[in-house]
Amino acid sequence: MYVTYHWGQTTVHPLGRMASPPGGAGATREESPRPQPPPAPRNGTAPKQGALTIVRRSSSKSKPESSPPTDEQLDQLDLDTEHLPAVDTPDACDKAALRLRYLLRQINRGEIPVETLQKNIQYAAKVLEAVYIDETKPAVARQQSAPTLVFRRLADEDDELSEVQPDAVPPEVREWLASTFTRQLATAKRKSDEKPKFRSVAHAIRAGIFVDRIYRRVTSTALMQFPQDVVRVLKTLDEWSFDVFALHDASAGYPVKYLGYELLNRYGMIHKFKVQPPTLENFLSRIEEGYCKFHNPYHNNLHAADVAQTVHYMLCQTGLMNWLSDLEIFATLVAAIVHDFEHTGTTNNFHVMSGSDTALLYNDRAVLENHHISAAFRLLKEEENNILLNLSRDEFREFRTLVIDMVLATDMSFHFQQLKNMRSLLTLAEPTVDKSKAVSLVLHCCDISHPAKRWDLHHRWTMSLLDEFFLQGDKERELGLPFSPLCDRNNTLVAESQIGFIDFIVEPSLGVCADMLECILGPLHSNTKNTTSTSQGAHGQDNPSAEVTKLKIKKPWVTCLMDNKKIWKEQAAKDAEDRAKLEEEPNGAPPQPAAE
């Protein structure tokens, strides 16, 4: 039988070896902390804690060779794992088998705690691993150490390797399998010149398939439940002008939780990095709370979801994801989700001029961006929110460095230097783009991309941003500070400001970003029509016989920018007429920005 539980704490190694997850991102793989069931989800309809899914499979070819324990024996069993025999002893097999039968009976009765189930299954898995190691010893040694061991086939008839026979494998392949897949299983019990039997390798791989299937069931059965309205809206997730406002309404105000979960699951991050679904839900819920902390009109959870979706478009629709590793994609998505975490609704300049505690903490340098990163990683240190739990120390360091680089690059004070550096790099005969700088530019462009979206979306974002600017202007007036640009609600020219923003900021940024993407992704696309002869390989290596594709990515933002700028110009002309009329009427009221 297969037992699938919702909060498993095992990781699967290539050979089916099972080990407890590390205590944190920087811990070693050998540590075995006591697994803790996660807290109940804050929102959504995730499975109830302790819920179990039982899937039985019968096999007519694989029957037990020993009689099952009696009910009296099972009733006397204590599931405490503190004083169990070592996993490589004969008694351990009997103990593990007895406990599994007892667990089955208790599961049918609904009386087994999840934590107890986890501990005992982990113990049984380690016993199985020890059995495979023991089988590779000489026959005499096996008889002396464990004469009563019975090896049972774990794989079902439909397992990928169930029909593999040693004689059907060429000697060189058998040798490669033995030397490659059993290197980590070498112990002092085996002499250095001995080779394990191929049957042991096949068993071990079958066990890996067996355990991997269990993990896949855990992941698929424990995924957060999505409301039907949310599912309907997310069908358009791959579109450039995705309607995040519709997602906000469909999700009852939780767009980050559902969109972030969908993206991380769609890119396989939950499975690849062994992220526990309840932990991910907790993390996203806490992130969403942070975005709503100051009730900002613009820098809120809607903006976070919009930027994350735009980053997804860049990853998926341009092919950027094919240039990045899994860890780099993971870091890019998380950076997009947390890039404005706990934003105060005021600018860096306001923090500096007002002498806020945050400005004092970060010495007036990238004040908000530093806080977004620090607060997000502080949240990740909490066990119930730690989606990085199963990253190795090196993976964690790389992940953290990438996220820091990307979020710091969203500081607008770095904008022109960032574009200048990338332009200079792309003019080189053999440009080599650093991945961190590439994804940093992508995130920065996505952060300021709303003027390049469909007009109805862009206009709504513009009005929200102006509301936030005007609220800051009100605070500046109260503090006796000079108005920051666009923050004086009585003297701001909306249409003109948007035209300038498009002409000098958004359009050049997306242009450089597109050039960069075509430069780095061109070598990955060899089947398009427009090709030019070159001596450059994918990473600048000499390859005289290669033809590198001249890639042209889709640029839906070009049309949107043209359309939006045209509308703003019409609006600017109308506003100018209104101001001219007002000057002719001295007692007239000041003109108000027209809303569509």
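Since this is a predicted model, take the numbers as computed values, not measurements.

So what's going on with the side chain of Ser-241? Residues and values would help.
Tracing the backbone shows Ser-241 in the loop between helix 7 (228-234) and helix 8 (244-250). Polar side-chain contacts of Ser-241 include one of 2.9 Å to the backbone nitrogen of Arg-454. Not counting chain neighbours up to four residues away, the residues in contact with Ser-241 comprise Lys-453, Arg-454, Leu-457 and Cys-560.

Give me the lowdown on the nonpolar core, citing residues and values where you can.
In globular proteins that are soluble, nonpolar side chains generally tend to be buried together. Grouped together as the largest cluster of nonpolar side chains are 108 residues, with contacts concentrated most on Phe-330, Phe-399, Leu-517 and Trp-557. Sort the elements by how many residues they give to this core and helix 21 (residues 494-521) lands first, with 13 residues. In contact with Leu-517, not counting residues within four places along its chain, are Met-314, Thr-318, Leu-320, Val-442, Gly-522, Leu-551 and Ile-553. Leu-77, Ile-107, Ile-112 and Ile-121 belong to the second largest nonpolar core, which has eight residues in total.

Just give me the short version of the UniProt feature "binding site: Zn(2+) 2" (unreviewed entry) in the protein chain, but keep the residues and values in it.
Residues annotated in UniProt with the feature "binding site: Zn(2+) 2" (unreviewed entry) correspond here to Asp-340. Mapped onto the elements of the fold, Asp-340 is located in the loop between helix 13 (326-338) and helix 14 (348-354). Note on Asp-340: relative accessible area 5%, which makes it buried. Within the structure, Asp-340 has its side chain in polar contact with the side chain of His-303 (distance 3.1 Å).

Let's hear about the layout of surface pockets: which residues, and what values?
Reported here for the second largest pocket is a volume of approximately 890 Å³. As for the second largest pocket, its lining consists of 34 residues, of which His-299, Thr-347, Met-412, Leu-465 and Phe-469 are closest to the centre. At the level of elements, helix 14, helix 16 (367-380), helix 20 (455-479) and helix 21 are the ones that each hand at least two residues to the lining of the second largest pocket. The biggest single contributor to the lining of the second largest pocket is helix 20, with six residues. Of the residues assigned to the lining of the second largest pocket, the class counts are 13 nonpolar, 16 polar and five charged.

Explain helix 11 (residues 277-291) residue by residue, including any values.
What sets the pattern is the α-helix's 3.6 residues per turn: residues three or four places apart point alike. If you check helix 11, its first and last C-alpha atoms are 21 Å apart, about what 15 residues at 1.5 Å a residue would give, namely 21 Å. Of all 15 residues in helix 11, 14 are buried, a share of seventy percent or more.

Describe the environment of Tyr-261, naming the residues involved and giving the relevant values.
Checked against the element boundaries, Tyr-261 lands in helix 9 (residues 255-266). Taking the relative accessible area as the measure of exposure, Tyr-261 reaches 2% and is therefore buried. A sequence separation of 16 residues divides Tyr-261 from Pro-277, and the C-alpha atoms of the two residues are 8.8 Å apart.

So what's going on with the UniProt feature "active site" (unreviewed entry) in the protein chain? Residues and values would help.
According to UniProt, the "active site" (unreviewed entry) feature falls on His-299. By the secondary structure assignment, His-299 is in the loop between helix 11 and helix 12 (301-317). Once residues within four sequence positions are removed from consideration, His-299 is found in contact with Tyr-291, Asp-340, His-343, Leu-465 and Glu-468.

Before we move on, could you go through the packing of helix 11 against helix 13 and cite the residues and values that matter?
Relative to each other, helix 11 and helix 13 sit at 35°, their axes nearing to 10 Å. Contact residues: helix 11 offers Phe-283, Leu-284, Ile-287 and Tyr-291, while helix 13 offers Ala-336, Ile-337 and Val-338.

A description of the packing of aromatic side chains should follow, citing residues and the corresponding values.
Tallying each qualifying case throughout the model produces 12 aromatic pairs. Measuring from ring centre to ring centre gives 5.5 Å for Tyr-298 and Trp-461, while their planes differ by 75°; the resulting arrangement is edge-to-face. Residue Tyr-298 is found in the loop between helix 11 and helix 12, and its partner Trp-461 is found in helix 20; the two are separated by 163 residues along the sequence. Taken together, a centroid distance of 6.5 Å and an interplanar angle of 80° make the contact between Phe-377 and Phe-399 edge-to-face. Residue Phe-377 is found in helix 16, and its partner Phe-399 is found in helix 17 (residues 393-408); the two are separated by 22 residues along the sequence.

An account of helix 21 is requested, with residue identities and associated values reported.
Between its terminal C-alpha atoms helix 21 stretches 38 Å, which fits the 40 Å expected from 28 residues at 1.5 Å a residue. The largest bend in helix 21 amounts to roughly 40° and is located at Ile-502.

An account of the pattern of salt bridges is requested, with residue identities and associated values reported.
Under the counting rule described, the total for this entry stands at 15 salt bridges. Residue Lys-453 pairs with Asp-306 through a salt bridge whose shortest N-O separation is 3.5 Å. Of this pair, Lys-453 sits in the loop between helix 19 (435-447) and helix 20 while Asp-306 sits in helix 12; the two residues are 147 residues apart in sequence, bridging distant segments of the chain. In this structure Lys-453 comes out as buried when scored by relative accessible area, which is 1%. For Asp-306, a relative accessible area of 4% corresponds to the buried category. Between Lys-555 and Glu-518 there is a salt bridge, and its shortest N-O distance comes to 3.3 Å. Here Lys-555, found in the loop between strand 6 (547-549) and helix 22 (556-584), pairs with Glu-518, found in helix 21; they are 37 residues apart in sequence, far enough to count as distant. What emerges from the salt-bridge pattern is a single network uniting Asp-238, Glu-262 and Arg-266.

Explain unusual backbone geometry to me, and be specific about the residues and the numbers.
Even without glycine at this site, Ala-366 takes up a positive phi of about 45°. Mapped onto the elements, Ala-366 comes out in the loop between helix 15 (357-361) and helix 16. The backbone of Leu-486 shows a phi angle near 70°, a positive value even though the residue is not glycine. Locating Leu-486 in the fold gives a position in the loop between helix 20 and helix 21.

Which residues make up the side chain of Glu-468, and what values go with them?
Mapped onto the fold, Glu-468 is located in helix 20. Buried Glu-468, no salt bridge; nearest opposite-charge side chain is Lys-475, N-O distance 9.0 Å. Beyond its immediate stretch of four places on either side in the chain, Glu-468 contacts Asn-296, Pro-297, Tyr-298, His-299, His-343 and Gly-345.

So what about the confidence of the model for the protein chain? Which residues, and what values?
In this model, the protein chain carries an average pLDDT of 77, and 65% of its residues clear a pLDDT of 70 or more. Every residue in residues 134-166 scores below 50 in pLDDT, and together they form 54 contacts with partners more than four places removed in sequence or on other chains. Confidence drops under pLDDT 50 across residues 527-549; counting only partners more than four residues distant or on other chains, this segment forms 32 contacts.

Criteria and cut-off values
Counting restarts for each chain, with residues numbered from 1 along the sequence as it is written. Where totals are concerned, whole chains, interfaces and linings use all residues; where local detail is concerned, this predicted model gives features only for residues with pLDDT of at least 70, and gives and counts side-chain atom pairs only at 80 or more. Excluded from the side-chain calculation are hydrogens and water; included are all heavy atoms of the structure. Numbering of helices and strands runs from the N terminus, with a helix taken as a DSSP run of H or I at least four residues long and a strand as a DSSP run of E at least two residues long. Under the rule applied, a polar contact is a pair of N or O atoms within 3.5 Å (in protein, one hydrogen donor and one hydrogen acceptor; residues adjacent in sequence only if both atoms are side-chain atoms). The contact definition used throughout considers only heavy atoms, calling two residues in contact when any of these lie within 4.5 Å. Joining through side-chain atoms within 4.5 Å is the link that ties buried Ala, Val, Leu, Ile, Met, Phe, Trp, Tyr and Cys residues into a set, and such a set is a nonpolar core. Each residue's exposure class comes from its accessible area (1.4 Å probe, protein chains only) as a fraction of the maximum for that residue type: buried when under 20%, exposed when over 50%, partly exposed otherwise. UniProt positions are given in the numbering used here, feature names are shortened, and annotations may be inferred rather than shown by experiment. Throughout, the protein atoms alone are placed on a 1 Å grid, and a set of points is a cavity if a 1.4 Å probe fits but cannot get out or a pocket if it is open with protein on both sides within 12 Å along at least five of seven lines; lining residues have an atom within 4 Å of a point. Grid points are joined across faces, edges and corners, and a volume is the space filled by probe spheres set on the points. Here the term charged refers only to Asp, Glu, Lys and Arg, the term nonpolar to Ala, Val, Leu, Ile, Met, Phe, Trp, Tyr, Cys and Pro, and the term polar to all other amino acids, Gly among them. An expected span of 1.5 Å times one less than the residue number is assigned to each helix. To obtain each axis, a line is fitted to C-alpha atoms, and for helices this fit is confined to the stretch in contact; angles are then taken between N-to-C directions over 0 to 180 degrees. Two rings belonging to Phe, Tyr or Trp (six-membered ring only in the last case) form a pair when the distance between their centres is within 6.5 Å. Interplanar angles under 30 degrees mark stacking, angles over 60 mark edge-to-face geometry, and anything in between is tilted. What the bend at a residue measures is the angle between two axes, fitted to the seven residues ending there and to the seven starting there. Counted as salt bridges are all cases of a side-chain nitrogen of Lys or Arg within 4 Å of a carboxyl oxygen of Asp or Glu. When charges are counted, Lys and Arg contribute as positive and Asp and Glu as negative, whereas His and the chain ends are disregarded. Along the chain, pLDDT gives the predictor's confidence residue by residue, from 0 to 100.

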